[in-house]
Amino acid sequence: MNELEKQIQKVFEGYKAAVFAKDVDAFLSHYTEDIHIFDMWGKWSYEGIQAWREMVTGWFGSLGDEKVVVDFGAVQINGSDDVAVAHAYVTFKALSADGQELRSMNNRLTLALKRTNGGWKVFHEHSSAPIDGDTLKVMLKRV
């Protein structure tokens, strides 16, 4: 793993830790103020950190005593000194308070990042999942 990959990998690790802890501020610390998100749930996009904060706060708050474990697979990172793009398959697993898996889903995640004084931050994020052409249902399990 080269130095750029090590630095960007810290963003992925921070994402995982913040989601598990349901820590809104830690989660948002990996994003720029002018973030633009193409999320796959409910809205076409979120523009700016405040809009993203509202979504993340609602997501974490909806979990009650559940925890979410995030796993990234097939991570690819490319970039230069100032800008990088990373993409991965991501699995979200909801766990009950006693650690039992309740449900899981997969999707695809692409991050566009830029180097800032505080390290690498995401300025654009795009999550997606394929749609079955016959049923027009979103495929949330990677096969």
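None of these values were measured; they are calculated from a predicted model.

Draft legend 1. Examining the side chain of His30 more closely. Summarising the element assignment, His30 is placed in the loop between helix H2 (24-28) and strand E1 (31-38). With near-sequence residues (within four places) excluded, His30 lies in contact with Lys10, Val11, Gly14, Tyr15, Lys121 and Val122.

Draft legend 2. Representation of the pattern of salt bridges in the model. For the coordinates displayed, the defined rule picks out three salt bridges. Where Asp25 meets Arg53, a salt bridge forms, and the shortest distance between an N and an O atom there is 2.9 Å. With a gap of 28 residues between them, Asp25 in helix H2 and Arg53 in helix H3 (residues 49-62) connect regions that are remote in the sequence. Here Arg103 makes a salt bridge to Glu66, at a shortest N to O gap of 2.6 Å. On the criterion of sequence distance, the pair formed by Arg103 in strand E5 (residues 101-116) and Glu66 in the loop between H3 and strand E3 (67-79) is long-range, its members being 37 residues apart.

Draft legend 3. The arrangement of the nonpolar core in detail. Core analysis: the biggest nonpolar cluster contains 35 residues, and Ile8, Phe27, Tyr31 and Trp52 have the highest contact counts within it. It is helix H1 (residues 3-21) that contributes the most residues to this core, seven residues altogether. If sequence neighbours within four positions are ignored, Tyr31 has contacts with Tyr15, Ile37, Ile49, Trp52, Lys121, Val122 and Glu125.

Draft legend 4. Seen up close, the packing of aromatic side chains. Taken as a whole, this structure holds eleven aromatic pairs when the rule is applied. Both rings, one in Tyr15 and one in Phe27, keep their centres 4.9 Å apart while their planes meet at 55°; by these two values the pair is tilted. Pair noted here: Tyr15 is in helix H1 and Phe27 is in helix H2, with a separation of twelve residues, a long-range link. Take Tyr15: its relative accessible area is 9%, and that puts it in the buried class. Note on Tyr15 and Phe72: the rings are 5.4 Å apart at their centroids and 70° apart in plane angle, and the pair reads as edge-to-face. In this pair, Tyr15 is assigned in helix H1 and Phe72 in strand E3, connecting sequence segments 57 residues apart. Taken as a pair, Tyr15 and Phe72 share a single burial class, namely buried. Taken together through their ring pairs, the aromatic side chains of Phe12, Tyr15, Phe27, Tyr31, Tyr46, Trp52, Trp59, Phe60, Phe72 and Phe92 make up a single cluster. Seen from the ring of Phe20, Lys67 lies directly overhead, with NZ or CZ sitting 5.2 Å from the centre.

Draft legend 5. Structural context of H3. The end-to-end C-alpha distance of H3 is 20 Å, a good match for the 20 Å that 14 residues give at a rise of 1.5 Å each. Turning to H3, its buried residues are Ile49, Trp52, Met55, Val56 and Phe60. In a view along the axis of H3, the buried residues occupy a sector of 125°, so they form one face of it. Structural note: H3 exposes Glu54, Gly61 and Ser62 on the side pointing more than 90 degrees away from its buried face. The inward-facing, buried residues of H3 contact H1, H2, E1, strand E2 (46-47) and strand E6 (119-128). Downstream of H3 by a residue or two, Gly64 has a phi angle that is positive, lying close to 60°.

About the thresholds
Residues numbered from 1 in each chain as written. Predicted model: local features only at pLDDT ≥ 70, side-chain atom pairs only at ≥ 80, totals over all residues. Heavy atoms only, no water. Helix = DSSP H or I, 4+ residues; strand = E, 2+ residues; numbered from the N terminus. Contact = heavy atoms within 4.5 Å. Salt bridge = Lys/Arg side-chain N within 4 Å of Asp/Glu carboxyl O. Core = buried A, V, L, I, M, F, W, Y, C linked by side-chain atoms within 4.5 Å. Buried < 20%, exposed > 50% of the residue type's maximum accessible area, 1.4 Å probe, protein only. Phe/Tyr/Trp six-rings, centres within 6.5 Å; stacked < 30°, edge-to-face > 60°. Lys NZ or Arg CZ within 6 Å of the ring centre and 35° of its normal. Expected span 1.5 Å × (residues − 1). Arc of directions from axis to C-beta.

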